[in-house]
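A look at the structure
Each chain is listed here by its residues.
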Amino acid sequence: MTSTDHRLWALAWPLMLTNLTVPLLGLVDTAVLGHLDSPEYLGAVAVGANLFSILYWTFGFMRMGTTGLAAQAWGKRDPFAQVALLLRSIVLAVGIGLMLIVFHKPLISLGLTLMDPSPAVAELAAEYAAIRIWSAPAVLCQYTLVGWLIGTQFPRGPMVMLIIANGINIVLDVFFVTVLGWNSRGVALATVIAEYGAALIGFAIVLRRMPEGQRLTRALIGQVSDYLAILQVNRYIMVRTIALLLVLAFFTAQGARQGDVILAANAVLITFLLVISNALDGFANAAEALIGEAVGKGSRRRFRLAFRSALRWSLWGSLILTIAFVLGGRWLISLLTGLEEVRTAAWQYLPWLWLLPLAAVWGFLLDGVFIGATRTREMQSTMLFSALGVFLPVWWLSTGWGNHGLWLSLIALMLARAASMGWLCWRYTRQDTWFSQS
């Protein structure tokens, strides 16, 4: 292993462990609800969780944008820029979170209308959402804190922060659902409590990481124009994230229209997609930090070494995940649900899961490269092309294939992202334009 490989792994393994706690929580949600007497509870949490993925990750730039900008400030060794970015991003996170709470009723109503689940699932999902919305300020603060810690190359911070919080969530999940019998309500309440716990842990870690010699001054807080500048820089990430999440919401909605069993089966398989993305994102997140540092330093050599190392290990990771799902997919599905009809349906679509790691790894990795280089406009353009120019046409042409056509369109989206972002990456490298911002 090269020195760059060692640096990449030093960043990647805590982030990978951190990321894997997120789908682990989803696995526990699915397991505790999948063994109840009705698939409606599992379907309700699938719909509700997907709704909040859209709602919260609409503001995912609070994590991704913060990482790229913090990494570049870290590369320049600029303590003022590091602290100012953190404070201003936290103010934005709290403000946006409070606005989401104020306007949550029409947002949730619109989301459930668009997803169009069965009446029984819709009622349970609305109940879940009315509880879950109270975590909004904590979630958005977490995005900022995690992004800043990754950018300043302290990956163990997010690891401690999220592993402890998700551990609390899992314990409360099991207690509220299996002991108190609160079904989907218990899952929502456990998540809210854990989100605030994670935010508090994150603040404690960040306070200990403040650059020496940098005092809290009025200039750090900034003016309205400074906050507008952060939003303006990250608007492309916001559009890109909305497009991706709408695709996933569309996927869930089309599954729901095929019945509660297909909805629940897809929810089980999508949980494994989260495992894939969060595992491989460990390398992508490490690439964000190293690429951002290289751009901040203006070092083409560091950029090249970081990219090659992240590519090599991402491909190995995707291959290992593919083997794991081919050999153990049926067993994992049986572990998550005891409902025979749901298991049978999930087994039928399992081969699509085998294709996902190698189809998706390219997009995950290149996201990390583009975020580190703050090439956010390109991320938006490639996602819009992949969603509107590939995913929707493939879905429309394959509607006669039912749920198989839906999974085919998702694979096509992943490959389109890989092709479009890969082409841009090749062009920027050939023209040596990574270090010149448009």
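Structure report, in brief. (Residues numbered from 1 in each chain as written. Predicted model: local features only at pLDDT ≥ 70, side-chain atom pairs only at ≥ 80, totals over all residues. Heavy atoms only, no water.)

A word on the overall build of the protein chain. Within the protein chain, the secondary structure is distributed over 18 helices and zero strands. In terms of overall size, the protein chain behaves like a compact globule, its C-alpha atoms giving a radius of gyration of 21 Å where 438 residues would be expected to give roughly 22 Å. Out of the 438 residues belonging to the protein chain, those deemed buried represent 58%. Look at the contacts in the protein chain between residues 6 or more apart in sequence, and 85% of them connect residues 24 or more apart. Carbon and sulfur atoms provide 68% of the accessible area of the protein chain, an area that totals close to 18,100 Å². Distance from the positive charge centre (30 side chains) to the negative charge centre (21 side chains) of the protein chain: 15 Å. (Helix = DSSP H or I, 4+ residues; strand = E, 2+ residues; numbered from the N terminus. Rg over C-alpha atoms; globule rule 2.2 N^0.38 Å. Buried < 20%, exposed > 50% of the residue type's maximum accessible area, 1.4 Å probe, protein only. Contact = heavy atoms within 4.5 Å. Areas by Shrake-Rupley, 256 points an atom, 1.4 Å probe, with all protein chains shown as cover. Lys, Arg positive; Asp, Glu negative; His and termini not counted. Charge placed at Lys NZ, Arg CZ, Asp CG, Glu CD.)

Attention now moves to the pattern of salt bridges. Under the defined criterion, the tally for this structure stands at eight salt bridges. Salt-bridge contacts for D367 lead to R417; the nearest nitrogen and oxygen are separated by 2.7 Å. Highlighted residues: D367 in helix α16 (residues 350–372) and R417 in helix α18 (residues 403–431), separated in sequence by 50 residues. Each member of the pair, D367 together with R417, is buried. Among the ionic pairs, R375 bridges to E378, the shortest N-O distance being 3.2 Å. Residue classification places E378 among the buried positions, given a relative accessible area of 10%. (Salt bridge = Lys/Arg side-chain N within 4 Å of Asp/Glu carboxyl O.)

Turning our attention to the environment of L220. Tracing the sequence through the fold places L220 in helix α10 (residues 218–221). Residues L220 and F80 lie 140 residues apart in sequence; the distance between their C-alpha atoms is 7.2 Å.

We now examine helix α13 (residues 260–297). For α13, spanning 38 residues, the distance from its first C-alpha to its last is 53 Å, which sits close to the expected 56 Å at 1.5 Å a residue. Looking one or two residues beyond α13, the residue adopting positive phi is G298, at roughly 70 degrees. (Expected span 1.5 Å × (residues − 1).)

Now for helix α4 (residues 79–102). In this model α4 runs 35 Å from its N-terminal to its C-terminal C-alpha over 24 residues, within 8% of the 34 Å that 1.5 Å per residue would give. If you check the start of α4, you find a side-chain oxygen 3.3 Å away from the backbone N of F80, and it comes from D78. (Polar contact = N/O pair within 3.5 Å; in protein donor to acceptor, adjacent residues only side chain to side chain.)

What follows covers the nonpolar core. Counting residues in hydrophobic clusters, the biggest one holds 86 residues, and the most contacted among them are L100, F370 and W434. Take this core: its biggest share by element is 10 residues, from helix α7 (residues 136–151). Beyond its immediate stretch of four places on either side in the chain, F370 contacts R375, E378, M379, M421, L424, C425, Y428 and W434. (Core = buried A, V, L, I, M, F, W, Y, C linked by side-chain atoms within 4.5 Å.)

Taken together, the side chains of R77, K297, R301, R302, R304 and R308 make up a positively charged region of the molecular surface. With four residues, the top contributor of residues to the positive patch is helix α14 (residues 300–336). With respect to the helices, strands and loops of the structure, R302 is situated in helix α14. Judged by relative accessible area, which is 35%, R302 ranks as partly exposed. (Patch = residues over 30% accessible without salt bridge, like charges linked within 9 Å, V, L, I, M, F, W, Y side chains within 5 Å.)

What follows is about the packing of helix α12 (residues 235–256) against α18. Their axes nearest at 10 Å, the elements α12 and α18 cross at an angle of 165 degrees. Between α12 and α18, the interaxial angle falls into the category roughly antiparallel. Remark: the crossing between α12 and α18 carries left-handed chirality. Between α12 and α18, the residues in contact are R240, L244, V247, L248, F251, Q254 and G255 and L406, W407, L410, L413 and R417, respectively. Looking at the contact of α12 with α18 residue by residue, the classes come out as eight nonpolar, two polar and two charged. (Axes fitted to C-alpha atoms, helices over the stretch in contact; angles between N-to-C directions. Parallel < 35°, antiparallel > 145°, perpendicular 65-115°, else oblique. Left-handed = near helix turned anticlockwise from the far one by under 90°. Nonpolar A, V, L, I, M, F, W, Y, C, P; charged D, E, K, R; others polar.)

To continue, consider unusual backbone geometry. The phi dihedral of R77 is positive, around 55 degrees, even though this residue is not glycine. Tracing the backbone through its elements, the reader meets R77 in the loop between α3 (61–76) and α4. The backbone of Q153 shows a phi angle near 60 degrees, a positive value even though the residue is not glycine. Mapped onto the elements of the fold, Q153 is located in the loop between α7 and α8 (156–179). By relative accessible area, Q153 is classed as buried at 18%.

Right, let's talk about a nonpolar patch on the surface for a bit. A contiguous nonpolar surface patch, about 610 Å² in accessible area, is contributed by W316, L319, I323, V326, L327 and W354. The element contributing the most residues to the nonpolar patch is α14, with five residues. Positionally, I323 belongs in helix α14.

Orientation of α3 relative to α12, taken along the N-to-C sense of each, is 140 degrees, at an axis distance of 9 Å. Judged by the inter-axis angle, α3 sits oblique to α12. As α3 packs across α12, the resulting crossing turns out to be right-handed. Of the residues in α12, those in contact with F61, M64 and G65 of α3 are I237, M238, R240 and T241.

This part takes up the side chain of E195. Structurally, E195 can be placed in helix α9 (residues 183–207). At 4.2 Å, R132 is the nearest oppositely charged side chain to E195, a buried residue that forms no salt bridge. Setting aside its immediate chain neighbours within four residues, E195 contacts R132, S135, A138, V139 and Q142.

Along the chain, A204 turns up in helix α9. Judged by its relative accessible area of 41%, A204 is partly exposed. For the pair A204 and Q142, spaced 62 residues apart in sequence, the C-alpha to C-alpha distance is 12 Å.

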